[in-house]
Amino acid sequence: MNILDGKKIAGEIQEKIKDEIGQLKNQTGKTPGLTVIIVGENPASQAYVRKKHRIAQKLGINSHIIELKAEIAAQDLIEQIRVLNQDPGVQAILIQLPLPENHNTWEILNHLNPKKDVDCFLPVNLGNILLNRAGIFPCTPSGIMQMLDYYRIDLSGLNAIMVGRSFIVGKPLASMLTNQNATVTLCHSKTKNLPGLVKQADLVVAAIGKPGFITADMIKKGAILIDVGQNFLYQQHEVLEFCIESQQQKFKKKGYGIAGDIHIKAYPKASYFTPVPGGVGPMTVAMLMVNTLKLFKRQYHLE
Ligand code: NDP
């Protein structure tokens, strides 16, 4: 079993981006601008946003966070988006999802300028993925594709199973894997005989949000396992059951551990697997930086 080391690859990508941003600044006097809007106080979202901001700043991106109360009126939130749409110093806008339940996600997202839609949320950008003519890709699926490419895993003809059909992970990734000639089965909570389908797969991607949901007995020996799940666990018995060693140690210090959707006992059966944390998560953040730089270069015709 080999680790798909997202943390390492993300570090390499970030180094390249930092260099390129430095060179572009010397040439043009400009730096890419990224603004993340976060609504409400979801602790996991707050932690992700802080991390994205920290890394963006480290790379020389002009990064800002706009924090808004969950109760903000939709019109006021839309007004914030309009202001950013018109700001020439901001090339990339991310509305951190999920939005609190009192907001209609699509009513809000629809106001985003598609040219600044850094995580490809909008129909026009998702549509280009379906047509295999996209210039930028959603961060998490794109990070997964980069990782597979880095380890020279040839997807052509592989049976791939995508568990989870969200528009930010499962649906676009299913298209991207199809575009790379994998044969993809897209599953969800109403899928019948999920264990039987997983058992046939050469590549298993889990984006479900349930710790250890894909168990070792479901996995074909030698399968490639990609775990998108990030589940925060606060009970010791859960941490011992679902978390890798480093998270068990973290639980002792911080009172929580992070687990994936694929059970850790499945790892020894895999040819390759992504650890949680340290697999898909850092790649998602790195791809946000890649996309920010791409949108900046597009705005100033630097491609
Ligand atoms: P969503 O909640 O939007 O989607 C979850 C999907 O899982 C749905 O399609 C749902 O099916 C499916 N599902 C739920 N229960 C079952 C079941 N019993 N059997 C089969 N399928 C099931 O989640 P996201 O895609 O936004 O995120 C998934 C996980 O990935 C979360 O843990 C999230 O935190 C994590 N994540 C991690 C990222 C990273 O960078 N590492 C980035 C984004 C997400 P249905 O559609 O029928 O309801």
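Scope of this entry: the structure provided in the associated data block.

1. Structural notes on the packing of helix H1 (residues 6-28) against helix H6 (residues 139-150)
Right, so step 1: Relative to each other, H1 and H6 sit at 100°, their axes nearing to 11 Å. As the angle between them shows, H1 and H6 are arranged roughly perpendicular. Of H6, the residues touching H1 (which contributes Gly6, Lys8, Ile9, Glu12 and Ile13) are Gln146, Met147 and Tyr150.
Right, so step 2: When its residues are assigned to classes, the contact of H1 with H6 shows 4 nonpolar, 2 polar and 2 charged.

2. Quick notes on the site of the ligand
Right, so step 1: Taken together, the neighbourhood of the ligand is formed by 21 residues, with Arg165, Ser166, Ser189, Gln230 and Thr284 sitting nearest.
Right, so step 2: One of the side-chain N or O atoms of Ser189 is found 2.6 Å from an oxygen atom in the ligand.
Right, so step 3: In this structure, Lys210 approaches the ligand through a side-chain N or O atom, which is 3.2 Å from a nitrogen atom.
Right, so step 4: Coverage of the ligand by the protein chains reaches 71% of its 930 Å² of free accessible surface.
Right, so step 5: Among the elements that make up the shell around the ligand, the one with the highest residue count is helix H11 (residues 280-299) (3 residues).
Right, so step 6: Residue composition of the shell around the ligand, grouped by class: 8 nonpolar, 11 polar and 2 charged.

3. So, the side chain of Lys52
Right, so step 1: With respect to the helices, strands and loops of the structure, Lys52 is situated in helix H2 (residues 43-58).
Right, so step 2: Buried Lys52, no salt bridge; nearest opposite-charge side chain is Asp119, N-O distance 6.0 Å.

Calculation rules
Residues numbered from 1 in each chain as written. Predicted model: local features only at pLDDT ≥ 70, side-chain atom pairs only at ≥ 80, totals over all residues. Heavy atoms only, no water. Axes fitted to C-alpha atoms, helices over the stretch in contact; angles between N-to-C directions. Helix = DSSP H or I, 4+ residues; strand = E, 2+ residues; numbered from the N terminus. Parallel < 35°, antiparallel > 145°, perpendicular 65-115°, else oblique. Contact = heavy atoms within 4.5 Å. Nonpolar A, V, L, I, M, F, W, Y, C, P; charged D, E, K, R; others polar. Near = heavy atom within 4 Å. Polar contact = N/O pair within 3.5 Å; in protein donor to acceptor, adjacent residues only side chain to side chain. Areas by Shrake-Rupley, 256 points an atom, 1.4 Å probe, with all protein chains shown as cover. Buried < 20%, exposed > 50% of the residue type's maximum accessible area, 1.4 Å probe, protein only. Lys, Arg positive; Asp, Glu negative; His and termini not counted. Salt bridge = Lys/Arg side-chain N within 4 Å of Asp/Glu carboxyl O.

No statement about biological role is implied by the geometric values presented.
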